[in-house]
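Take a look at the letters that make up each chain.
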Amino acid sequence: MSSSNLPWWKTATFYQVYPASYKDSNGDGYGDIPGMVTTLDYLKELGVDAVWLSPMFDSPQVDMGYDISDYTTVYPKFGTVADMDKLIEEMHSRNMKLILDLVINHTSDQHIWFKESRSSRNNEKASWYIWRKPTYVNGERRPPNNWRSIFGGSAWEYEPAREEYYLHLFCPEQPDLNWENPVARQAIYKDAIEFWLERGVDGFRVDAVNMYSKDPKYPDAVIQDAGAEFQRAEKHYVNGPGMHRWLKEMRKESINKYGEVMLVGELPHTDSREVILRYISAAEQELSIVFDFAAVDLGKRATAKHQWFKPSLPDFKQTFVKAQDLLVDTDAWTTVFLENHDQQRSINRFTTDDPRYRVKAGKILAMLLATLSGTLFLYQGQEIGMVNVPETWGPEEYKDIKSINYWNEMNRKYPNDEKMLGKALRALRNGGRDNARIAMQWNASKHAGFTSGTPWMRAHDNYPEVNVEAAQRDPDSIYHFWQNVLKLRKEHSDVFIEGGYEMYDLDNPDTFTFTKTVNGEPRALVVLNFSYKEQKDPVPQSLKNTKLDLLITNGEGRSRSLGAWEGAVYTISSEHLRSKE
């Protein structure tokens with residue numbers, strides 16, 4: 001059933017492209033925009049409606065493009081503005097939409113704005129960034145407070161020309177913009193937003209969207225890690241007092257001039273339903289939707305970077321109850337995702353990469369995601385079941401600045417300690433962002449068909465078996481399964497995109513079972529076995545005598561029993577509904 005009355009972004013399936021690792025067209029070892037254009041028919045055939053393109057702007061690439069030196073030009077290795085115009089044209093000709101990353105909490109330290117700001121205390125852009133005077137302890141110059149950067153070390157960097165520190169929540173090369181300055185805000189709107197809306201992009205994924213407004217007192221953070229000099233300080237820079245005022249201004253003064261522009265916000269460190277709803281309520285006119293990180297943050301240790309543990313299935317299920325609950329009695333919408341450029345691969349995180357079950361595991365996650373209400377986001381390679389980097393890789397293979405900083409920090413703490421450094425390397429394998437950033441696996445040729453040159457980061461060792469061409473040839477592949485579930489999602493959009501959600505077995509450690517409802521009536525049943533054990537007829541007792549029509553399964557489908565890592569989606573017969581009247 002069609003949902004033609006909804007905004008396009010509510011019913012769309014999005015696919016995130018990380019440009020450096022996606023498709024190289026000229027053999028320089030880096031993915032690029034022309035390479036991406038050659039894959040649009042592939043994405044369309046998969047069932048993708050829109051693409052989220054990670055930063056392709058000009059950048060020194062300290063943080064892989066999230067350090068932008070010019071919002072109005074393209075990083076030369078990725079292409080040109082003309083290439084972007086061609087991409088927009090080609091996507092729109094296929095009735096596909098394009099959203100870009102909007103990175104406006106900070107810029108690169110090579111941006112012309114910051115170069116001028118750092119040059120003196122009295123230039124035109126002196127207050128476009130966040131500057132504070134040093135503190136002194138026993139005559140020694142110290143940062144203004146004890147805030148820890150998200151990437152490690154102090155969140156402050158000293159600038160001799162001003163004799164002041166500037167704030168950088170991320171790398172020192174990523175100075176935070178001062179959103180309190182109205183002139184700076186207008187410049188952001190003009191260069192980062194309107195320049196690209198004028199060229200035809202359809203929206204933005206807004207990076208670190210709840211971090212623009214800091215505690216104006218800049219107090220010391222509470223000590224959580226007694227052995228560390230600098231402390232986590234999210235309390236003082238997340239969801240600050242100016243956030244909603246500025247987002248409303250951005251909508252009113254800039255974005256609304258361009259019609260139905262979609263904004264999906266990255267909203268980390270935010271658990272409260274009420275706080276989330278303030279950002280996404282339609283009446284508030286701020287963001288369209290946000291990424292709730294409850295699921296992908298499962299297993300993260302608060303004070304141990306890159307240290308993860310396997311979450312329990314009940315905890316995993318609870319995160320989806322929270323996300324689906326955003327649709328209940330509200331004017332808001334939600335998102336559905338498990339992967340992006342900052343996360344480990346979902347097969348490793350939430351199921352198993354055991355070669356015997358990798359394909360079934362990839363399919364069970366496809367059934368889960370495609371039947372949940374909200375806007376669905378996939379990440380490149382998810383559709384073919386790509387997994388985390390191999391255990392055999394050494395530390396030299398990790399290219400992410402966050403991984404490199406962590407490895408260097410562990411070596412400083414534990415020099416020549418094989419046990420602790422081995423633990424640190426395992427942590428990188430399990431929790432590093434590099435897991436999502438290896439080359440896209442297109443075929444079994446050298447470097448997985450990603451490039452004809454030397455790739456900036458090597459391809460996974462399993463690419464001869466796990467790649468797009470092999471998946472397209474195999475009718476039983478994860479790729480074809482994703483094709484099928486995305487078709488079913490659209491055909492039954494009133495159930496799977498818009499429908500209500502009722503959990504049946506929250507405390508069950510092995511099965512994930514829920515119904516999708518329309519107007520309060522159950523219309524579909526989803527039963528998923530997240531274990532190695534066979535589940536004998538796991539259909540809920542209240543539905544055992546109901547006529548269930550099998551819609552899709554990754555098992556044999558001959559009975560209601562499910563083998564290891566098998567699942568099934570059933571429609572609930574209308575006879576069941578009539579029998580209740």
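Residues numbered from 1 in each chain as written. Predicted model: local features only at pLDDT ≥ 70, side-chain atom pairs only at ≥ 80, totals over all residues. Heavy atoms only, no water.

Selection criterion: UniProt positions are given in the numbering used here, feature names are shortened, and annotations may be inferred rather than shown by experiment.
The protein chain has the name Glycosyl hydrolase family 13 catalytic domain-containing protein in an unreviewed UniProt entry, where Endocarpon pusillum is given as its organism. Of the comments in the UniProt record for the protein chain, the one headed Sequence similarities (unreviewed entry) reads "Belongs to the glycosyl hydrolase 13 family."

**Brief notes about the environment of Tyr-532**
The line we're drawing: Secondary structure elements follow DSSP: runs of H or I of four or more residues count as helices, runs of E of two or more count as strands, with numbering from the N terminus. A 1.4 Å probe rolled over the protein chains alone gives each residue an accessible area, and that area as a share of the maximum for its type sets the label: buried under 20%, exposed over 50%, partly exposed in between. Here, two residues are considered to be in contact whenever any of their heavy atoms come within 4.5 Å of each other.
With respect to the helices and strands, the residue Tyr-532 is situated in the loop between strand E18 (521-529) and strand E19 (548-553). Note on Tyr-532: relative accessible area 46%, which makes it partly exposed. For Tyr-532 and Leu-376, which are 156 residues apart along the polypeptide, the C-alpha to C-alpha distance reads 27 Å. Once residues within four sequence positions are removed from consideration, Tyr-532 is found in contact with Thr-352, Asp-354, Tyr-357, Ala-564 and Trp-565.

**Quick look at helix H11 (residues 358-370)**
Where we set the bar: Any helix carries an expected span of 1.5 Å times its number of residues minus one.
Taking 1.5 Å per residue, 13 residues should reach 18 Å; H11 reaches 18 Å between its end C-alpha atoms and fits that length. H11 sits mainly inside the fold: eleven of its 13 residues count as buried. Arg-358, Ala-361, Gly-362, Lys-363, Ile-364, Leu-365, Ala-366, Met-367, Leu-368, Leu-369 and Ala-370 are the residues of H11 that are buried.

**Brief notes about the domain arrangement of the protein chain**
Size of an interface, as often reported, equals the accessible area lost when the parts are brought together. Formally: Domain start and stop positions are those given by an automatic or database domain assignment. In this description, buried area is defined as the sum, over both parts, of the accessible area (probe of 1.4 Å) that is lost when the two are combined. Salt bridge criterion: a side-chain nitrogen from Lys or Arg within 4 Å of a carboxyl oxygen from Asp or Glu.
The domain boundaries assigned to the protein chain delineate domain 1 (8-110 + 178-473) and domain 2 (499-572). Computed from C-alpha atoms alone, the centre-to-centre distance between domain 1 and domain 2 is 31 Å. In this assembly, 23 residues from domain 1 lie in contact with 27 residues from domain 2. Both faces considered, domain 1 and domain 2 share a buried interface measuring about 2000 Å² in area, 73% of it formed by carbon and sulfur atoms. Of all residues in domain 1, Lys-317, Ile-364 and Met-367 bury the most surface against domain 2, accounting for 30% of the area lost on that side. One salt bridge in this structure joins Asp-505 and Lys-317, with 3.5 Å as the shortest N-O distance.

**Concerning the packing of helix H6 (residues 182-198) against helix H7 (residues 243-253)**
Put simply, the rule is: Lines fitted to the C-alpha atoms define the axes, with helices restricted to the stretch that makes contact. Angles between their N-to-C directions range from 0 to 180 degrees. The cut-offs work like this: below 35 degrees is roughly parallel, past 145 is roughly antiparallel, 65 to 115 is roughly perpendicular, and the gaps in between are oblique. Crossing handedness is defined as follows: a turn of the near helix away from the far one that is anticlockwise and smaller than a right angle gives a left-handed crossing, while the clockwise case is right-handed. Three categories are distinguished: nonpolar for Ala, Val, Leu, Ile, Met, Phe, Trp, Tyr, Cys and Pro, charged for Asp, Glu, Lys and Arg, and polar for the others, with Gly belonging to the last.
Viewed as axis vectors pointing N to C, H6 and H7 meet at an angle of 55 degrees, and their least axial separation amounts to 11 Å. What the angle tells us is that H6 and H7 run oblique. Handedness of the crossing formed by H6 with H7: right-handed. In this structure, H6 contributes Arg-185, Gln-186, Tyr-189, Ile-193 and Glu-194 to the contact, and H7 contributes Trp-246, Glu-249, Met-250 and Glu-253. A class-by-class count of the residues in the contact of H6 with H7 yields four nonpolar, one polar and four charged.

**Points about unusual backbone geometry**
A positive phi is found at His-447, a non-glycine position, where the angle reads about 60 degrees. As for its position among the elements, His-447 is in the loop between helix H13 (418-431) and helix H14 (468-473). Unlike most non-glycine residues, Ala-448 shows phi in positive territory, near 60 degrees.

**Some details on empty space enclosed by the protein**
To keep things clear, this is the line we draw: Points on a 1 Å grid over protein atoms alone make up a cavity when a 1.4 Å probe fits among them but cannot get out, and a pocket when they form an open set with protein on both sides within 12 Å along at least five of seven lines; lining residues each have an atom within 4 Å of a point. Grid points are joined across faces, edges and corners, and a volume is the space filled by probe spheres set on the points.
The final tally for this structure, using the stated rule, is five cavities of 30 Å³ or more. What the largest cavity holds in volume is close to 120 Å³. Counting residues per element, the lining of the largest cavity draws most heavily on helix H9 (residues 313-325), at four residues. Split into classes, the residues belonging to the lining of the largest cavity amount to nine nonpolar, four polar and one charged.

**Some details on the layout of surface pockets**
Over the atoms, a rolling probe the size of a water molecule traces out where space has been left empty. In this model, the second largest pocket occupies a volume close to 440 Å³. Every residue lining the second largest pocket is counted, 19 residues in all, and those nearest its centre are Asn-348, Asp-353, Asn-388, Glu-391 and Asn-430. For the lining of the second largest pocket, the elements supplying multiple residues, two or more each, are helix H10 (346-350) and H13. Per-element accounting of the lining of the second largest pocket gives the leading share, three residues, to H13. Residues of the lining of the second largest pocket, tallied by class, amount to six nonpolar, six polar and seven charged.

**Structural notes on the packing of H11 against helix H15 (residues 478-491)**
At a closest axis distance of 10 Å, the pairing of H11 and H15 adopts a crossing angle of 15 degrees. For the element pair H11 / H15, the angle class is roughly parallel. Judged by the sense of rotation from one axis to the other, the crossing of H11 with H15 is right-handed. In this structure, H11 contributes Arg-358, Val-359, Gly-362, Lys-363, Ala-366, Met-367, Leu-369 and Ala-370 to the contact, and H15 contributes Ile-478, Phe-481, Trp-482, Val-485 and Arg-489. By residue class, the composition of the contact of H11 with H15 is nine nonpolar, one polar and three charged.

**Some points on the confidence of the model for the protein chain**
Heads up, the rule is: pLDDT is a per-residue confidence score from the predictor, ranging from 0 to 100.
Scored by pLDDT, the protein chain comes out at a mean of 95, with 97% of its residues at no less than 70. Within the model, pLDDT remains below 50 along residues 576-581, and this stretch shows eight contacts once partners closer than five positions in the same chain are excluded.

**A short note on the side chain of Asp-176**
Note the following rule: As used in this structure description, the phrase polar contact means that two N or O atoms lie within 3.5 Å; if the pair is within protein, one of them must be able to donate a hydrogen and the other to accept it, and residues adjacent in sequence are counted only when both atoms belong to side chains.
Relative to the helices and strands, Asp-176 resides in the loop between strand E10 (164-167) and H6. At 3.2 Å, the side chain of Asp-176 and the side chain of Asn-105 are in polar contact. Beyond its immediate chain neighbours, meaning those up to four positions away, Asp-176 contacts Asn-105, His-106, Tyr-129, Ile-130, Leu-167, His-168, Leu-169 and Lys-214.

**As for the sheet that holds E19**
Condition: The pairing criterion for strands is at least two bridges between them, as found by DSSP.
Ordered in space as E16-E17-E18-E20-E19, the five strands form an open sheet in which the pairing is antiparallel. Single-partner strands in this sheet number two, and they are strand E16 (500-503) and E19. The sheet shows a mean angle of 25 degrees between the axes of neighbouring strands, direction not considered. Two strands pair when backbone bridges link them, and E19 and strand E20 (residues 567-572) are joined in this way by five bridges, in the antiparallel orientation.

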